[in-house]
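Summary of structural features
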Amino acid sequence: MDSERPVPVLLMARELGQGGSERQLVEIAKALSRSRFAVHVGCFHPEGFRSVELSRQGIPILHLPVYSLRSLGAIRGALKLARYLRRWRIRLVHTFDTPMNCFAMPVARVFGAPVVLSSQRASRGLSSRPEQFVLRVTDRLVDAVIVNCEAMRRHMMDDEGVRPERLRLCYNGLDTECFQPLARQRLPVVAGASLVIGVVCALRPEKGLPTLLEAFAKVLSGPPSALRSGLRLVVVGSGPMLPTLQSLTIELGLQDRCHFEPSTSDVAAWLRAIDIFVLPSLSEALSNALMEAMACGCAVVASQVGGNPELVSDGTTGLLFRAGDAAELADRLERLIVDDGLRTRVGVAASESVRQRFSLQASVRRMEEIYEELLGRKP
């Protein structure tokens, strides 16, 4: 790398709203060394709340008005991206999600970006068949595929046939100044609760949220007690599963015990209102939401899939359960509800574990190492 001038790099995702990939892109973009990298961000939908964070940092945002990859708009977007690469002499393009892996990575390669990186931050099984086909082609065109946990690295090698030397591991990073274990503070909607069980995530099928509702109903069906009567469940997030979850809440008789809150940029405030955080995913890589909850000192319960066991040591920094097993999840919740000491111990251990292993600073240092390694190969 040139030691005198920052290297222009372009980080790209479909949108700049809620979601783990979007959060990681924005955090990396804001934290990369300005003396070494001149950071640009590109997206299809720039209206998300994270674009405000980037603008405050003076990071330019390239808007590519592409709404379908099978349209004239995709061709216009490709030409606009090509012009941008040349105008700003972009030397490295890094795509953070499947839509941009499929669209921007081939364009960047065709139009001569010296280094092109893709990301795989979720199981390929969640992508459509056409997307899977394109992704397997791009695996062989990129300089490297960035994965965010060991489980995803194994998935890419074992299931997708990607050679180990083409993979780079960079764990998600967390701003531990924003997410830290301050005192529990109830928000108005749960002000009278004895304990709050909750989740903060995008409401998508793979998050397994019906399992959480069913487990909560099982817990409430136990022997009456003052503690049980004061339990509340909060689901913070937006997405296509919301109507289904609201209907299930009525079916299970939980409408007076469950609160749905739309996606918010003030995640930390909600996490400090939650005593027990549950991530019941059916498929997961390395969950930002789970990391944030652990950093805030929540007692966490997570399904035993993907990168969750890399974050949660069962019985030490949280509890694990079999994905989709509402009865086992209910058992884990019951243990944490009745045992104040256990809740406190796993919450403290979780916060310390995230601070030591998954800080934003460590993630950014690792990403800078990857960028410099691959840029160093290209004159």
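Located above this text is the structure these notes cover.
First, a word on what this report is: a plain description of the structure on this page.

1. A word on the pattern of salt bridges
With the rule as written, the count across this model stands at 26 salt bridges. Of the charged contacts, one joins D325 and R322 as a salt bridge, the two residues approaching to 2.9 Å between their closest N and O atoms. For R322, a relative accessible area of 49% puts it in the partly exposed group. Each of the salt bridges in this network shares a partner with another, and the network as a whole consists of R23, E27, K30, R50, E53 and E292.

2. Some points on the sheet that holds strand β11 (residues 276-279)
Strand order across the open sheet formed by six strands is β10-β9-β8-β11-β12-β13, with parallel pairing between neighbours. Either end of the sheet is taken by a strand with one partner, and the two such strands are β10 (258-261) and β13 (319-321). Averaged over all neighbouring strand pairs, the angle between strand axes comes to 20°, with direction disregarded.

3. Here we look at the environment of L242
On the secondary structure map, L242 appears in helix α9 (residues 242-251). Relative accessible area serves as the criterion here: at 26%, L242 is assigned to the partly exposed category. Residues L242 and L220, spaced 22 residues apart in sequence, show a C-alpha to C-alpha distance of 22 Å. For L242, the residues in contact, after removing those within four places along its chain, are L203 and F260.

4. With respect to the side chain of S303
As for its placement among the helices and strands, S303 is situated in strand β12 (residues 299-303). Not counting chain neighbours up to four residues away, the residues in contact with S303 comprise L279, P280, S281, N308, L320, F321 and A323.

5. Some words on the sheet that holds strand β6 (residues 144-147)
The strand order across the open sheet formed by seven strands is β3-β2-β1-β4-β5-β6-β7, and the pairing between neighbours is parallel. With partners counted over all chains shown, the strands left at the sheet margins are β3 (61-63) and β7 (167-169), one partner each. Across the sheet, the axes of successive neighbouring strands diverge by a mean angle of 25°, strand direction being ignored. With respect to the sheet, helix α1 (residues 20-31) is in contact with β1 (7-12) and β2 (37-43), its orientation differing from that of β1 by roughly 165°.

Here is what the cut-offs are and how they apply
- Residues numbered from 1 in each chain as written.
- Predicted model: local features only at pLDDT ≥ 70, side-chain atom pairs only at ≥ 80, totals over all residues.
- Heavy atoms only, no water.
- Salt bridge = Lys/Arg side-chain N within 4 Å of Asp/Glu carboxyl O.
- Buried < 20%, exposed > 50% of the residue type's maximum accessible area, 1.4 Å probe, protein only.
- Pairing = 2+ DSSP bridges.
- Helix = DSSP H or I, 4+ residues; strand = E, 2+ residues; numbered from the N terminus.
- Axes fitted to C-alpha atoms, helices over the stretch in contact; angles between N-to-C directions.
- Contact = heavy atoms within 4.5 Å.

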